[in-house]
Structure formats: structure tokens, C-alpha cells
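The lines below spell out each chain.
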Amino acid sequence: MSDNKTLLLTGASRGIGHATVKHFHAAGWKIFTASRQSWVEDCPWAEGLLNHIHLDLEDIPALQDNLPMIRERLGGQLHALVNNAGVSPKGDDGARLGVRETDYATWLKVFNVNLFSTAILANGLFDELRTAQGSIINVTSIAGSRVHPFAGVAYATSKAGLSALTREMAHDFGKFGIRVNAIAPGEIDTSILSPGTQDIVDHTVPMKRLGKPEEVASLIYFLCTHGASYVNGAEIHVNGGQHV
């Protein structure tokens, strides 16, 4: 087995995922990324394309079929699994989709990507995580604990479910030396911000600014290191105080 620590991160192509990959790479980790998109060329390290796995988390049967390939690529150990992939469908002009605007197909797509695939990946890669005494980080959201003006009902309830799944996995996996935690970002400065976000920042965020992707990435990294070796089952807010 390689002496390098190994990270598998879903949803690596932009925003928080992109910043997280860069942070772990700078720390010398071997990185595998998985997303629906092809490799993003502005992450230019040599092994980036080689270690990218094309994976559509909406397609649960295909995810299950791909688990043996992923395990083979990892080579027997996984020190960190970061479940960052997520979808948040919008209506016309970016409108929030409430219960009355959300059909079953939308519910199923969002829950497959944001929740069910997370459990399937963690279970499917359990042996590799146990071998490495690894960590799982689930990226939830402030929308999982309060109604958000832009995040729709399927997204919000899937993130609330992911918070519960984090607790359940922390309970189930802890005795095997695998820690499971979540981070819940608020308004982070990424390309997917909705119009009107600045108004939210001005009125609900005590620090009066957007968060930076690196401010989330650095916490994810810390939770995967020895400094957080007794942190298990936590969900940490990264939102400038927006939740208070």
C-alpha cells in the first residue's frame, strides 16, 4: 500500500469541492475525484486526470456496479471520503421549488445524489476506510435546519436526512475506528450563488460577508487529521453565525 494518505471526493469540479481538492493536494495526499463532469483542467497536477472517476450519483444501480472498480483504484485503503456532491433544482428564473412544485422524479433525483449515494459509497468502501482508520465528511447545508429562500424542499430535506445519516454512521462505524462528521455551509462565494444572496448576507449573517470555499476546505481537512481524532458524529456550522 502507498504511504500517501488517500482522499476520495465527490462533486470536485467546482466551488467547495474544487477548493478541498486543492487543499488536500497541497498537503501531499493522493486524490481521487468523482463527478458527473469530466476532469476540470484548471486543477493541473499530473495525476488529476488519471485519478478522476466519472460517476453519476443519480444512477444508483450504476454506482453499485462501479464499486469494485473504485475499490481497485483505491488500492486497499481510504483515509478520507468527502461526500460533497449535491443538486438543488430551481424553477424558472431560479425560483425556489416548494412541495407543490416538486414532482416525484425531482424528489428521487435529489435524494439519490444528496443522500442515498452517500450511504452506498460509505458502505461499499467500508473495508478500505477501516484499513486506513479513515474519516467520512458529509457536506450538509444550513438549509437542512431552516427554510431557505432559494434552496428547495427536496434539497433541504435531503440535507436534513444527511445530518441524520451522519449521526447513524458515526454510531455504526465508530467502533471500527472510522469517524463520521458533517459540515454545514451557509452562503459561500461560489459560481452557483443565487441572485439575492447578498441581501441574505446583509440581513442574516453577523459577519456581513460571504464565506470563501477555502474556509470550508480547511475545516474539512482538519476533520480528517489527527487533530480531530476524537471528533465523531458532529455537524459543524460554517456560515459566519447565520444559524444563531
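Let me sum up the structure you'll find in this document. (Residues numbered from 1 in each chain as written. Predicted model: local features only at pLDDT ≥ 70, side-chain atom pairs only at ≥ 80, totals over all residues. Heavy atoms only, no water.)

### Remarks on the pattern of salt bridges
To keep it simple, the criterion reads: A carboxyl oxygen of Asp or Glu within 4 Å of a side-chain nitrogen of Lys or Arg is what we treat as a salt bridge. Numbering of helices and strands runs from the N terminus; a helix is a DSSP stretch of H or I covering at least four residues, while a strand is a stretch of E covering at least two. Using a 1.4 Å probe on the protein chains alone, a residue whose accessible area is under 20% of its type maximum counts as buried, one over 50% counts as exposed, and one in between counts as partly exposed.
For the coordinates displayed, the defined rule picks out one salt bridge. A salt bridge links aspartate 127 to arginine 130; the nearest nitrogen and oxygen atoms lie 3.3 Å apart. A residue pair is termed a helical-turn pair when its members lie 3 or 4 positions apart in one helix, as aspartate 127 and arginine 130 do in helix H4 (residues 126-132) at three residues. Take arginine 130: its relative accessible area is 37%, and that puts it in the partly exposed class.

### Some points on a negative patch on the surface
Selection rule: For patches, a residue must show more than 30% relative accessible area and have no salt bridge; joins then use 9 Å for like charges and 5 Å for nonpolar side chains, namely Val, Leu, Ile, Met, Phe, Trp and Tyr. Only the protein chains shown count as cover for residues, with accessible areas throughout obtained via the Shrake-Rupley method and a probe of 1.4 Å. In this tally Asp and Glu are treated as negative and Lys and Arg as positive; neither His nor the chain ends contributes. By convention, charge coordinates are those of NZ in Lys, CZ in Arg, CG in Asp, or CD in Glu.
On the surface, a cluster of negative charge is made up of Asp56, Glu58, Asp59 and Asp65. Its place among the elements puts aspartate 56 in the loop between strand E3 (52-54) and helix H2 (60-74).

### Structural notes on a nonpolar patch on the surface
A cluster of nonpolar side chains, namely Tyr104, Leu108 and Phe116, defines an oily patch on the protein surface of about 320 Å² accessible area. By the secondary structure assignment, tyrosine 104 is in helix H3 (residues 104-124). Its relative accessible area of 62% is what places tyrosine 104 among the exposed residues.

### Notes on the nonpolar core
Our working rule: We define the nonpolar core as a collection of buried residues of types Ala, Val, Leu, Ile, Met, Phe, Trp, Tyr and Cys that are connected through side-chain atoms lying within 4.5 Å of one another. What makes two residues a contact is simply this: any of their non-hydrogen atoms within 4.5 Å.
In terms of nonpolar packing, the biggest core is built from 34 residues, with Leu8, Ile70, Leu81, Leu125, Ile136 and Phe173 touching the most fellow members. Where this core is concerned, the elements lending two or more residues are strand E2 (30-35), H2, H3, H4 and helix H5 (153-173). Those residues within four positions of phenylalanine 173 in sequence are excluded, and the remaining contacts are Ala122, Phe126, Ile136, Ile178 and Val180. Counting residues in each nonpolar core, the second largest holds 21 residues, with Leu7, Ala12, Val139 and Cys224 among its members.

### Quick word on the packing of helix H1 (residues 15-26) against helix H7 (residues 213-223)
Heads up, the condition is: Here an axis means a line fitted to C-alpha atoms, over the contact stretch when the element is a helix, while the angle between two N-to-C directions is reported on a 0 to 180 degree scale. Small angles under 35 degrees read as roughly parallel and large ones over 145 as roughly antiparallel, with 65 to 115 read as roughly perpendicular and the rest as oblique. In a left-handed crossing the near helix is turned counterclockwise from the far helix by less than a right angle, and in a right-handed crossing that turn is clockwise. Residue classes follow a fixed rule: Ala, Val, Leu, Ile, Met, Phe, Trp, Tyr, Cys and Pro count as nonpolar, while Asp, Glu, Lys and Arg count as charged, and any other residue, Gly among them, counts as polar.
Between H1 and H7, the least distance of the axes is 8 Å, while the angle of their chain directions is 55°. When the interaxial angle is binned, H1 and H7 end up oblique. For the pair H1 and H7, the crossing hand works out as right-handed. Judged by residue contacts, Gly15, Ile16, Ala19, Thr20, His23 and Phe24 of H1 engage Pro213, Glu214, Val216, Ala217, Ser218, Ile220 and Tyr221 from H7. Taken together, the residues of the contact of H1 with H7 sort by class into eight nonpolar, four polar and one charged.

### Considering the packing of aromatic side chains
Put simply, the test is: The pairing test for Phe, Tyr and Trp rings, Trp by its six-membered ring, is centres within 6.5 Å, and the orientation test on the planes gives stacked under 30 degrees, edge-to-face over 60, and tilted for anything in between.
Counted by the stated rule, this structure contains seven aromatic pairs. Relative to phenylalanine 116, the ring of phenylalanine 111 lies with its centre 5.8 Å away and its plane at 50°, an arrangement referred to as tilted. Residue phenylalanine 111 is classed as buried on the basis of its relative accessible area of 16%. Connected via pairs of aromatic rings, a cluster forms that spans Phe24, Trp29 and Tyr221.

### Brief notes about the environment of aspartate 59
As for its placement among the helices and strands, aspartate 59 is situated in the loop between E3 and H2. Taking the relative accessible area as the measure of exposure, aspartate 59 reaches 35% and is therefore partly exposed. Separated by 50 residues in the primary sequence, aspartate 59 and lysine 109 have C-alpha atoms spaced 8.6 Å apart.

### Some points on unusual backbone geometry
In the Ramachandran plot, glutamine 133 falls in the positive-phi region, its phi being about 50° despite a non-glycine side chain. Relative to the helices and strands, glutamine 133 is located in the loop between H4 and strand E5 (135-139).

### Let's talk about the sheet that holds strand E1 (residues 6-10)
Note the following rule: Here, strands pair whenever DSSP counts at least two bridges between them.
Pairing in this open sheet of seven strands is parallel, and the strands run E3-E2-E1-E4-E5-E6-E7 from one edge to the other. Whereas interior strands pair on both sides, the edge strands pair on one side only; in this sheet they are E3 and strand E7 (235-238). Neighbouring strand axes in the sheet, compared pairwise and without regard to direction, differ in orientation by 15° on average. Sheet analysis places strand E6 (residues 179-185) next to E7, joined by four bridges and oriented parallel. Pairing of alanine 184 across the sheet is with histidine 237, part of E7. In the packing of H3 onto the sheet, contacts are made with E1, strand E4 (80-83) and E5, and the angle to E4 comes to roughly 170°. The strands touched by H5 are E5, E6 and E7; relative to E5, the strand with the most contacts, the crossing angle is about 170°.

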